[in-house]
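Chains, contacts and geometry: an overview
So the chains spell out like this:
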Amino acid sequence: MISRRGIAILIGILLLLAGFGYYSQKTSLEEKPSVATGWAGDWEIKYHYENAPDLIFDGVLHIDIVNKPVARMQIWPPKSRDREILEIKNLVIDGDKLRGEIVHEKYKIGGGHLSEDIELVLTNSTMLHGIGQCIAYCAEGTEGEKITWSGKKSD
């Protein structure tokens, strides 16, 4: 049988382990959002396909970091007055990198919706740049063409 002193030591060790586990979990939960908080807010963005640098899409990218990162955009295509509202799907923010997929629900090309991948990088707390590429139902002439992104944080 374990003595009272042995039980007290065992309980003390268990309490220390539980306290350490609680502290390390709390610390990791607090650190995850802070890694992404540099992304939170509104960004004035522009992008274009490499083969058509004069056709510039511009708009606003809004990134929310609450429970999980969410990103939405309002885009004005070149030579158009109609805006398009888009969401970045499969969004992953890893430090200074943001990756995801944009599906243009407003347009159908060849039986499906134009889809692009995107990878943005924070160059500092107020600037970003990145690349992308059409990955499905691309407009003629854009297949395999790189998309160049740039942006600055709104005030």
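Residues numbered from 1 in each chain as written. Predicted model: local features only at pLDDT ≥ 70, side-chain atom pairs only at ≥ 80, totals over all residues. Heavy atoms only, no water.

1. Overview of the sheet that holds strand β2 (residues 57-65)
Operational definition: Should DSSP find at least two bridges between two strands, the strands are taken to pair. What counts as a helix is a DSSP run of H or I of at least four residues, what counts as a strand is a run of E of at least two, and both are numbered from the N terminus. Working convention: axes come from line fits to C-alpha atoms, limited for helices to the stretch in contact. Angles between N-to-C directions cover 0 to 180 degrees.
Here 8 strands make up a closed barrel; going around it, the order is β1-β2-β3-β4-β5-β6-β7-β8 and the pairing antiparallel. Within this sheet the neighbouring strands show an average axis-to-axis angle of 30°, counted without direction. As paired strands, strand β5 (residues 97-109) and strand β6 (residues 112-124) are joined by 9 bridges and run antiparallel to one another. Each residue of the ladder has a partner; that of lysine 108, found in β6, is histidine 113.

2. Overview of the side chain of histidine 104
Rules: Burial here depends on accessible area, computed with a 1.4 Å probe over protein chains only, as a share of the maximum for the residue type. Under 20% is buried, over 50% is exposed, and the range in between is partly exposed. Here, residues are in contact when the closest pair of their heavy atoms is within 4.5 Å.
Counting through the fold element by element, histidine 104 comes out in strand β5. Relative accessible area serves as the criterion here: at 2%, histidine 104 is assigned to the buried category. Setting aside residues up to four positions removed in sequence, histidine 104 forms contacts with Tyr47, Glu84, Leu86, His113, Leu114 and Glu116.

3. Some details on a nonpolar patch on the surface
We count it as follows: To count toward a patch, a residue needs a relative accessible area over 30% and no salt bridge; like charges are then connected within 9 Å, while nonpolar side chains (Val, Leu, Ile, Met, Phe, Trp, Tyr) are connected within 5 Å. For every accessible area listed, the method is Shrake-Rupley and the probe measures 1.4 Å; residues are considered covered only by the protein chains on display. Whenever Lys or Arg places a side-chain nitrogen within 4 Å of a carboxyl oxygen from Asp or Glu, that contact is recorded as a salt bridge.
A cluster of nonpolar side chains, namely Ile9, Leu10, Ile13, Leu14 and Leu17, defines an oily patch on the protein surface of about 480 Å² accessible area. Note that isoleucine 13 resides in helix α1 (residues 4-36).

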